[in-house]
Amino acid sequence: MTAFIKKLKLWRRQMNEGTSKDSFSILQQFLTSNTWYGLRNILKNEDIDKFAWIQDPFNSIVPSEFNSTEEESLIELSCDSSLKSKFTNMELTKFWISIKNEYPLVCEKALRVLIPFSTSYLCEAGFSAVAVIKSKYRSKINVEKEMRVAVSSLIPRFEKICSDVQAHSSH
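To keep things clear, this report deals only with the structure shown in the data block. Please read these numbers as outputs of a predicted model, since none were measured by experiment.

## Description of the overall build of the chain
Turning to step 1, where the next piece is worked out: Secondary structure summary: the chain contains 10 helices and 0 strands in total.
Turning to step 2, where the next piece is worked out: In the chain, the succession of α and β elements from N to C terminus is α-α-α-α-α-α-α-α-α-α.
Turning to step 3, where the next piece is worked out: Residues counted as buried form 23% of the 171 residues belonging to the chain.
Turning to step 4, where the next piece is worked out: By sequence separation, contacts in the chain at least 24 residues apart represent 42% of the contacts at least 6 residues apart.
Turning to step 5, where the next piece is worked out: If you sum the accessible surface of the chain, you get close to 13,300 Å²; carbon and sulfur atoms cover 56% of it.

Here it is as structure tokens:
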């Protein structure tokens, strides 16, 4: 316990000095991830601190706009040690989705903030795909099929596709 208290003092000092990057490698990785970057861009005109509970529900202050039930739910979540280890090993959005049944009120609030990024990301990816596919040399093609392939995260099973096609023998 003494060592942990000393570490907390060290981490607080490093945070105040801005030299904590090597102490919190998972936090640093999270802060530089696409999810966090997108969330920051969406919320750039708002106070990001009021969404700190979404970024880290285990070490943040409950927002003032929470009602009593939501606050109690967040407190219960923050004291669940099994969820804390789950949180450190998952992406932010996947974590919140995974606890939807256990903490529906808090999860719903978190996803309302996180979901717009993922949906706007897909739209941006779609526009980028169309821009690449439709050039001045390929302006007359129908891009439906190409766009579906470009924005899909599925990896084609080429072996199955090839095995389904019958080879034509020469005459």
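The structure having been displayed, the exposition proceeds.
## A few points about the side chain of Asp 80
Turning to step 1, where the next piece is worked out: Within the secondary structure, Asp 80 sits in the loop between helix H5 (68–78) and helix H6 (81–88).
Turning to step 2, where the next piece is worked out: Despite its burial, Asp 80 pairs with no opposite charge, the nearest such side chain being Lys 86 at 8.8 Å.
Turning to step 3, where the next piece is worked out: Ignoring any residue separated from it by four or fewer positions in sequence, one finds Asp 80 in contact with Phe 58, Glu 102 and Tyr 103.

## Section: the packing of aromatic side chains
Turning to step 1, where the next piece is worked out: Evaluated as defined, the whole model comprises 6 aromatic pairs.
Turning to step 2, where the next piece is worked out: Ring geometry for Phe 95 and Trp 96: centres 5.5 Å apart, planes at 75 degrees, overall edge-to-face.
Turning to step 3, where the next piece is worked out: Joined through ring pairs, the aromatic side chains of Trp 53, Phe 58, Phe 66, Phe 87, Phe 95 and Trp 96 make up one cluster.

## Concerning H5
Turning to step 1, where the next piece is worked out: If you check which residues of H5 are buried, you get Glu 70, Ser 73, Leu 74 and Leu 77. Down the axis, H5 shows its buried residues gathered within 95 degrees of arc, on one side only.
Turning to step 2, where the next piece is worked out: The residue sitting at the N-terminus of H5 and contributing the capping side-chain oxygen is Asn 67; that oxygen lies 3.1 Å from the backbone nitrogen of Thr 69.

## Comments concerning the pattern of salt bridges
Turning to step 1, where the next piece is worked out: Taken as a whole and judged by the stated rule, the model has 3 salt bridges.
Turning to step 2, where the next piece is worked out: When the shortest N-O distance is used, the salt bridge between Glu 70 and Lys 109 registers 3.8 Å. With Glu 70 in helix H5 and Lys 109 in helix H8 (residues 104–133), the pair connects residues that are 39 residues apart, well separated along the chain.
Turning to step 3, where the next piece is worked out: Overall, Glu 70 belongs to the buried group, its relative accessible area being 11%.
Turning to step 4, where the next piece is worked out: Residues Glu 108 and Arg 112 are paired through a salt bridge, measuring 2.4 Å at the closest nitrogen-oxygen approach. Within this pair, Glu 108 and its partner Arg 112 are both found in helix H8, separated by 4 residues, close to a single helical turn.
Turning to step 5, where the next piece is worked out: Relative accessible area serves as the criterion here: at 42%, Glu 108 is assigned to the partly exposed category.

## Section: the nonpolar core
Turning to step 1, where the next piece is worked out: Counting residues in hydrophobic clusters, the biggest one holds 20 residues, and the most contacted among them are Trp 53, Ile 54, Leu 77, Leu 83, Phe 95, Trp 96 and Ile 99.
Turning to step 2, where the next piece is worked out: Of all the secondary structure elements, the ones that give two or more residues to this core are helix H4 (52–55), H5, H6, helix H7 (92–98) and H8.
Turning to step 3, where the next piece is worked out: The element that contributes the greatest number of residues to this core is H8, accounting for 6 residues.
Turning to step 4, where the next piece is worked out: Apart from the residues within four sequence positions on either side, Leu 83 is in contact with Phe 58, Leu 77, Phe 95, Ile 99, Glu 102 and Tyr 103.

## Comments concerning the environment of Thr 69
Turning to step 1, where the next piece is worked out: Position of Thr 69 among the secondary structure elements: in helix H5.
Turning to step 2, where the next piece is worked out: Judged by relative accessible area, which is 45%, Thr 69 ranks as partly exposed.
Turning to step 3, where the next piece is worked out: Between the C-alpha atoms of Thr 69 and Leu 105, which are 36 residues apart in sequence, the distance is 8.2 Å.

Analysis parameters
- Residues numbered from 1 in each chain as written.
- Predicted model: local features only at pLDDT ≥ 70, side-chain atom pairs only at ≥ 80, totals over all residues.
- Heavy atoms only, no water.
- Helix = DSSP H or I, 4+ residues; strand = E, 2+ residues; numbered from the N terminus.
- Buried < 20%, exposed > 50% of the residue type's maximum accessible area, 1.4 Å probe, protein only.
- Contact = heavy atoms within 4.5 Å.
- Areas by Shrake-Rupley, 256 points an atom, 1.4 Å probe, with all protein chains shown as cover.
- Lys, Arg positive; Asp, Glu negative; His and termini not counted.
- Salt bridge = Lys/Arg side-chain N within 4 Å of Asp/Glu carboxyl O.
- Phe/Tyr/Trp six-rings, centres within 6.5 Å; stacked < 30°, edge-to-face > 60°.
- Arc of directions from axis to C-beta.
- Polar contact = N/O pair within 3.5 Å; in protein donor to acceptor, adjacent residues only side chain to side chain.
- Core = buried A, V, L, I, M, F, W, Y, C linked by side-chain atoms within 4.5 Å.

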